[in-house]
Each structure stands twice: as structure tokens, then as C-alpha cells.
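# Reading the structure
For reference, the chains in residue letters:
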Amino acid sequence: AQYQAGMDLLAHAQYAPARATFEQLIQENGSSEFAPQAQYWIADIDFVQKDYRSAARGYAEVLKSYPQSERAPDAMLKLGLSLIAMGQTKEGCTTLGAVSSKYPDASDTVLGRAQRERTKAGCS
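Per chain, the residues get numbers from 1 upward, laid out in the order the sequence is written. Under the rules for a predicted model, residues below a pLDDT of 70 receive no local features and side-chain atom pairs below 80 are neither given nor counted, while totals for whole chains, interfaces and linings still include all residues. Side-chain numbers come from the whole structure's heavy atoms, not from hydrogens or water.

### Details of the overall build of the protein
Only DSSP runs of H or I with at least four residues qualify as helices, and only runs of E with at least two residues qualify as strands; both kinds are numbered from the N terminus onward. Counting its regular elements, the protein contains seven helices and zero strands. Our radius of gyration looks at C-alpha atoms and nothing else; its globule reference is 2.2 Å times the residue count to the power 0.38. Compactness check: the protein gives a C-alpha radius of gyration of 14 Å against a globular reference of 14 Å for 124 residues, within 12% of the reference. Dimensions along the principal axes, computed over C-alpha positions, put the protein at roughly 45 × 30 × 20 Å. A burial count over the protein gives 46% of its 124 residues as buried. A total of about 6,800 Å² of accessible surface is found on the protein, and carbon and sulfur atoms cover 49% of it. The positive count covers Lys and Arg only, the negative count covers Asp and Glu only, and His and the chain ends enter neither. Note on charges: their place is set at NZ of Lys, CZ of Arg, CG of Asp or CD of Glu. Across the protein, the centroid of the 13 positively charged side chains sits 9 Å from that of the 14 negatively charged ones. Think of it in three bands: with a 1.4 Å probe and only protein chains considered, a residue is buried below 20% of the maximum accessible area for its type, exposed above 50%, and partly exposed in between. Computed with a 1.4 Å probe, the accessible areas rest on the Shrake-Rupley method; for each residue, only the protein chains presented here act as cover.

As C-alpha cells, then:
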């Protein structure tokens, strides 16, 4: 119910209350099946608001705390995009390039976007 409440707020672009709801979920239920999702959405709120440094930290937290979650490939993709947006192109390119080796079973959408974004960023 708490996760759905956060998603409803997010769907209406109510970022501050959505963030608070997701943060509370993680604080109270850090081992819940919804915790990796909540952490991802907190980072995504930062990304949408162009706070790439905070977004990168949030996506890295998903990868560190929940490396096997279904959101991990998405988090790695967005971590790469955040790094590139901060001007850390080399690190971003490396991260985007590693998505397919770290998560070979990721969706075609994630794998394809990682490749497209590498091309767009001029990664070698």
C-alpha cells in the first residue's frame, strides 16, 4: 500500500511527497520486495529534476544494496546517463558499456538504450 501510494504521487508529478513516501518505505521496510523499486524511484526523481549528482548516488545505491533486483539494469543505465550529464563522459561510457556484460538478461529496451546512448555520447 505504501509503495502504491508513492507511485500514485509520482504519477501526478508530486515529487516531494513521493520521495518522502519511498524514503519512509525503505527506512521501515529496507528488506521488502518494494525497497529496490523505491530506491530506484527516489533516484529517478532526482534525475527528472536534473540533480544528476544525487541521481547517480541513488542509482549506485540500488546497484550496491540490491544488485540482483529487477531494477538493477535500469539503475545501471541511468547511472551511466547521470555521469554523462555531469560531464563525466568516460565514466558514463564505461558504465553504459558494462550494462550488457553485468546484466546480459536485461530487457532489449535497456540493452538497446545503453548502446544508443553510448553512440550518442561519442563513446569509443
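### Considering the state of the cysteines
Only a pair of cysteine sulfur atoms within 2.5 Å qualifies as a disulfide here. Counted under the stated rule, the structure contains one disulfide. Disulfide partner of Cys93: Cys123, at an S-S distance of 1.8 Å. Its torsion about the S-S bond being -80°, the disulfide of Cys93 and Cys123 is classed as left-handed. Of the two residues, Cys93 sits in helix α6 (residues 89–102) while Cys123 sits in the segment after α7 (108–121), which places them 30 residues apart along the sequence. Since its relative accessible area comes to 9%, Cys93 is described here as buried. Take Cys123: its relative accessible area is 17%, and that puts it in the buried class.

### A few points about the pattern of salt bridges
When a carboxyl oxygen of Asp or Glu lies within 4 Å of a side-chain nitrogen of Lys or Arg, that pair is called a salt bridge. With the rule as written, the count across this model stands at seven salt bridges. In this structure, the salt-bridge partner of Glu61 is Lys64, at a minimum N-O distance of 3.8 Å. Note that Glu61 and Lys64 are positioned in helix α4 (residues 52–65) at a spacing of three residues, about one turn of the helix. With relative accessibility at 28%, the residue Glu61 sits in the partly exposed group. The exposure class of Lys64 is exposed, given its relative accessible area of 64%. Between Lys120 and Glu117 there is a salt bridge; the shortest N-O distance is 3.7 Å.

### Considering helix α2 (residues 15–28)
With 14 residues, α2 extends 20 Å between its outermost C-alpha atoms, agreeing within 8% with the 20 Å of an ideal straight helix rising 1.5 Å per residue. Where α2 is concerned, the buried positions are Ala18, Thr21, Phe22, Leu25 and Ile26. The arc that holds the buried residues of α2, viewed along the axis, is 135°, so those residues lie on one side. When the buried face of α2 is taken as reference, the exposed residues oriented beyond 90 degrees from it are Ala16 and Gln27. Residue contacts are defined here by distance: any two heavy atoms, one from each residue, within 4.5 Å place the two residues in contact. Summarising the contacts, the buried residues of α2 are in contact with α1 (2–11) and α3 (35–48). The span expected for a helix works out to 1.5 Å for each residue beyond the first. What the arc measures is the spread of directions leading from the helix axis to the C-beta atoms.

Remember that the coordinates give geometry; whether it matters functionally is a separate question.
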